[in-house]
Amino acid sequence: MGQRVLIVDDSRLARATVRKYLVQAGLEVVGEAGNGREAIDMFTQLSPDLVTLDVTMPEIDGLTAFREIRKRDPSAAVILVTSLDQKFIAEEVAHDPRGGFIPKPFSSFDLLKAVRQLLNLDESDDSSVEG
Amino acid sequence: MTSWNLEMDDDQLDSLKEVGNVGAGHAASELATLIGRKCVVSVPELTCTDAAGIGEFMKGPDTMVVALHMSVLGDIPANMLVLTRRSHAQLMLNYMSPTSAPQAEQNEEAFKLALRQLGEVLTRSFADAISHFLGTNAPYAFTEAINGGKGGIVAGVFPASEPQPGPYMAVHADFFDEEKTIQGKLVYLLSSRSQALILERIEQLLG
């Protein structure tokens with residue numbers, strides 16, 4: 001795929017899982033952040049093509065970080081990845097063509113489907129996607 | 001609360017927290033659906049504790065508390081607890097059924113039955129999410145609603161007549177609605193054997 005991704009989650013396990021699925025699909029992970037504050041800083045520095053963003057995090061939560069990223073770049077592609085499978089999360093991105101949401105736990109299929117949708121990629125763009 | 005040497009590295013502690021995060025997030029989401037309000041959870045914490053220490057999870061004065069308790073069997077045996085003030089438990093039921101919720105002061109038995117049903121839904125949601133995450137089998141043994149002070153909760157969850165293996169690793173997160181009209185704690189209690197099983201499973205998943 002060749003797209004550059006920033007992974008944001010306070011859990012190293014969650015970041016490792018997302019990284020594994022994305023790298024297998026040919027995406028480049030350009031940075032990892034462990035809270036919302038780091039996410040905003042790294043987004044500004046790295047200008048990634050896509051951000052995967054956890055919601056429940058210390059310091060600044062994911063929704064606050066999402067809104068801040070939106071202010072800085074209204075066209076940034078952001079996928080909220082959270083165990084809070086609730087209406088208010090879905091509504092945050094419901095009318096946002098550059099926003100997505102997948103609940104934890106997720107499979108590589110779930111994640112890559114959301115990634116492809118946001119980045120307008122075909123399945124043929126990656127060669128080693130696991131279901 | 002007694003402390004023990006955790007004997008786990010940072011990655012292992014992080015993994016247990018994430019497992020708790022997945023379970024607590026789903027339980028809070030189930031509660032949100034039931035009460036029609038947004039519910040969130042805090043970042044999970046880990047505490048190594050004995051049975052007596054469970055009562056200390058409810059901070060503040062020793063007021064009446066409700067513990068919704070479920071034992072999970074299967075691949076990774078565990079205890080799950082939803083701890084909340086009795087007044088908050090009543091409010092949850094009122095939000096669920098504004099006109100027909102059983103009121104504790106009028107019908108204690110109906111109140112306890114409704115809480116037991118609520119506890120079953122929340123703890124099952126917690127257990128199912130973890131089971132799905134880890135790819136494990138998690139049949140439920142039973143669910144109960146225990147009313148009492150802190151000591152009463154401990155005695156209810158761990159009857160004196162039964163052996164109390166310990167220490168436990170408690171993975172716990174606070175839950176609350178947007179206005180904090182209801183608050184409580186979700187607790188996932190693991191024996192050392194169950195902790196090891198989870199960590200083994202995670203290693204397998206990460207390949």
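Here the residue index of a chain counts from 1 through its sequence in written order. By the order in which they are written, chains take letters starting at A while ligands take numbers starting at 1. Only residues with pLDDT of 70 or above have their local features reported here, since the model is predicted, and side-chain atom pairs are shown and tallied only from 80 upward, although totals for entire chains, interfaces and linings are computed over all residues. Where side-chain values are given, they derive from all heavy atoms of the structure, hydrogens and water being excluded.

1. Concerning the pairing of strand β4 (residues 77–82) of chain A
Residue and element names in this part refer to chain A. Burial classes: relative accessible area under 20% of the type maximum marks a residue as buried, over 50% as exposed, and values in between as partly exposed (1.4 Å probe, protein chains only). Each helix is a run of DSSP H or I of at least 4 residues and each strand a run of E of at least 2, with the numbering of both proceeding from the N terminus. Taken across its 6 residues, β4 has 6 buried, putting it largely inside the fold. Here β4 shows no split at all, with Ala 77, Ile 79 and Val 81 on one side and Val 78, Leu 80 and Thr 82 on the other all buried. Between any two strands, pairing holds if DSSP finds at least two bridges. In terms of strand pairing, strand β3 (residues 50–53) meets β4 through 4 bridges, oriented parallel. Along β4, the bridge assignment pairs Thr 52 with Ile 79. Handedness of the β-α-β unit built from β3, helix α3 (residues 62–72) and β4 comes out right-handed. Crossover β4 to strand β5 (residues 99–103) through helix α4 (residues 87–94) is right-handed. Here the term right-handed applies to a crossover when the path leading from its first strand over the helix to its second strand runs clockwise, the strands being oriented away from the viewer.

2. Remarks on helix α5 (residues 192–206) of chain B
Residues and elements named next belong to chain B. Here α5 is 15 residues long and its end C-alpha atoms lie 21 Å apart, about the 21 Å a rise of 1.5 Å per residue gives. The complete set of buried residues in α5 reads Ser 194, Gln 195, Leu 197, Ile 198, Leu 199 and Ile 202. Gly 207 sits one or two residues past α5 and shows a positive phi near 65°. For a helix, the expected span equals 1.5 Å multiplied by the number of residues minus one.

3. Comments concerning the nonpolar core
When a protein is soluble and globular, its nonpolar side chains tend to lie buried together. Note on terminology: a nonpolar core comprises buried Ala, Val, Leu, Ile, Met, Phe, Trp, Tyr and Cys residues joined through side-chain atoms within 4.5 Å. Core analysis: the largest hydrophobic core is formed by 77 residues, its most contacted members being A:Leu53, B:Leu31, B:Leu115, B:Tyr188, B:Leu190 and B:Ile198. At 11 residues, helix α3 (residues 108–134) of chain B tops the list of elements feeding residues into this core. Counting residues in each nonpolar core, the second largest holds 20 residues, with A:Leu22, A:Ala25, A:Ile102 and A:Leu121 among its members.

4. Quick notes on the confidence of the model for chain B
Residues and elements named next belong to chain B. Along the chain, pLDDT gives the predictor's confidence residue by residue, from 0 to 100. Mean pLDDT for chain B: 88, with 92% of residues reaching 70 or above. Ignoring residues within four places in sequence, the model shows residues 1–5, a span with pLDDT below 50, making 12 contacts including any to other chains. Listed scores for the predicted complex are pTM 0.90 and ipTM 0.89. Whether two residues are in contact is decided by their heavy atoms, any of which lying within 4.5 Å being enough.

5. So, the interface of chain B and chain A
Contact residues are listed per partner, giving 26 residues for chain B and 19 residues for chain A. At the boundary of chain B with chain A, total buried surface from both sides reaches about 1,800 Å², with 58% on carbon and sulfur atoms. The salt bridge definition used is simple: a Lys or Arg side-chain nitrogen within 4 Å of an Asp or Glu carboxyl oxygen. For the pair chain B and chain A, the interface holds 2 salt bridges. In this structure, B:Asp11 engages A:Arg12 in a salt bridge whose closest nitrogen and oxygen atoms are separated by 3.4 Å. Each polar contact in these results corresponds to two N or O atoms within 3.5 Å; when the atoms are within protein, one needs to be able to donate a hydrogen and the other to accept it, and residues that are neighboring in sequence are counted only if both atoms are side-chain atoms. Our enumeration of links across chain B and chain A arrives at 12 residue pairs in polar contact (both at pLDDT 80 or more). For the side of chain B that touches chain A, the secondary-structure elements that each account for two or more residues are α1 (10–35), β1 (39–41), α3 and α5 of chain B. Simply put, the buried area is the total loss of 1.4 Å probe accessible area from both parts when two parts are fitted together.

6. A look at the sheet that holds strand β2 (residues 28–33) of chain A
Residues and elements named next belong to chain A. With parallel pairing, the 5 strands of this open sheet are ordered in space as β2-β1-β3-β4-β5. Only two strands of the sheet have a single neighbouring strand rather than two, namely β2 and β5. Neighbour to neighbour, the strand axes of the sheet diverge by 20° on average, direction disregarded. Contacts between helix α2 (residues 36–46) and the sheet are confined to β1 (4–8), β2 and β3, with β2 contributing the most and set at about 145° to the helix. Across the sheet, α3 touches β3, β4 and β5, and the angle it forms with β4 is around 175°. Fitted lines through C-alpha atoms give the axes, limited to the stretch in contact for helices. The angle between two N-to-C directions lies from 0 to 180 degrees.

7. Some details on unusual backbone geometry
For the bond running from A:Lys104 to A:Pro105, omega is -5°, close enough to zero to count as cis. Position of A:Pro105 among the secondary structure elements: in the loop between β5 and α5 (108–119). Unusually for a residue other than glycine, A:Glu59 sits at a positive phi of about 70°. Within the secondary structure, A:Glu59 is located in the loop between β3 and α3. The residue B:Lys180 is not glycine, and still its phi comes out positive at about 55°.

8. With respect to the pattern of salt bridges
Scanning the entire structure with this criterion turns up 17 salt bridges over all chains. Here A:Glu32 ties to A:Arg15 by a salt bridge, and the two come within 3.1 Å at their closest N and O atoms. Of this pair, A:Glu32 sits in strand β2 while A:Arg15 sits in helix α1 (residues 12–24), and the two are 17 residues apart along the sequence. For A:Arg15, a relative accessible area of 13% translates into the label buried. Salt-bridge contacts for B:Asp177 lead to B:Arg37; the nearest nitrogen and oxygen are separated by 2.9 Å. Here B:Asp177 is found in strand β6 (residues 168–177), whereas its partner B:Arg37 is found in the loop between α1 and β1, with 140 residues between them in sequence. Of the residues examined, B:Asp177 reaches a relative accessible area of 0% and is grouped as buried. Residue B:Arg37 is classed as partly exposed on the basis of its relative accessible area, which comes to 22%. By sharing partners, the salt bridges in this structure join A:Asp9, A:Asp54, A:Lys104 and B:Glu18 into a single network.

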